[in-house]
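Understanding the architecture of this molecule
Listed here are the chains, written in short residue letters.
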Amino acid sequence: MKKRGWLVWCPDEVVSSVSDIHPTWLVQQGVQAVLLDLDNTLVPWQRVDVPESVRQWIGEMKRAGLRLCLVSNTRRRRRLEVLAKRLGIAYVPRAFKPRRYGLRQALQQLKATPEQAVMIGDQMFTDVWGGNRMGMRTILVLPMARREFIGTKVSRLLERILLWAYQRTGALKQGAGTLATILASKK
Ligand SMILES: [Mg+2]
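Residues numbered from 1 in each chain as written. Predicted model: local features only at pLDDT ≥ 70, side-chain atom pairs only at ≥ 80, totals over all residues. Heavy atoms only, no water.

Examining the environment of Val 128
Considering the arrangement of structural elements, one finds Val 128 in helix H5 (residues 124-134). Exposure remark for Val 128: the relative accessible area of 1% places this residue in the buried category. If near-sequence neighbours (up to four positions away) are discounted, Val 128 is found in contact with Val 8, Trp 9, Cys 10, Pro 11, Gln 123, Thr 138 and Leu 140. (Helix = DSSP H or I, 4+ residues; strand = E, 2+ residues; numbered from the N terminus. Buried < 20%, exposed > 50% of the residue type's maximum accessible area, 1.4 Å probe, protein only. Contact = heavy atoms within 4.5 Å.)

Remarks on unusual backbone geometry
The omega torsion of the bond from Lys 97 to Pro 98 falls at 10°, within 30 degrees of zero and hence cis. Positive phi, close to 55°, is recorded for Phe 96, a residue that is not glycine. Summarising the element assignment, Phe 96 is placed in the loop between strand E4 (90-92) and helix H4 (101-110). Its relative accessible area of 47% is what places Phe 96 among the partly exposed residues.

Quick word on the pairing of strand E6 (residues 137-141)
Each regular strand carries side chains that alternate between the two faces of the sheet. Extensive coverage of E6 is indicated by the burial of four of its five residues. As paired strands, strand E1 (residues 13-15) and E6 are joined by three bridges and run parallel to one another. When the sheet's bridge partners are listed, Val 14 is paired in E6 with Leu 140. Sheet topology places strand E5 (residues 117-121) next to E6; four bridges connect them, and they run parallel. (Pairing = 2+ DSSP bridges.)

This is how it looks when you write it as C-alpha cells:
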C-alpha cells in the first residue's frame, strides 16, 4: 500500500544494521527482491572494503533465494561496479533516488513487482522516500559511519525528528523503547 502525505518518508522498520534483517523473515512476508543502497548501508561512505558481517549477511540472503540489486546515487560508477562484482549482485548506477526511474530499472533486472520487493537504505529522503513512492516495503538502517557528505548531516537531524514523530503517532510500528535502543546503538 502506498504511503501518503507526511508518511512518504516513514519506513516500515528501523534496524541498527543490515545484519539485523533476517532473510527468512523477508521471505515469510513474500519478499523476493531486495534493493540495497550502498554508501553507509553496506560500506562506510566512499570506502571499498565490505565488512565481513555484511558479506556474510549477503551470502545468507542469497541462500534464502532472495534476488539482490545495488541501487546507488553515487557518481563513482567504477567503484559501484567493483563492489557489485565483488559481492556478486546486480546494480543500477546513477539511480537518482528518490526518483522512481532507477528503482524501476532494479525491479526489471530482478523480475519483481513493487509488492515483492523491499528497499533497504540509510536515508529517509532518498532510499525510504523512493521505495515508498514505488509502493515497496522500506527498511531504514542506521548509517555505518558518521563521516559523510555535509548536506547529509543536516538531513540526519530532520530524520531523527520525523522518526520520533512517526513513532509517537503510531505510524512507525516500533515502540518508543525499541526505537530509542536502536538509535542509541550507533552513537
Ligand atoms: Mg546511503
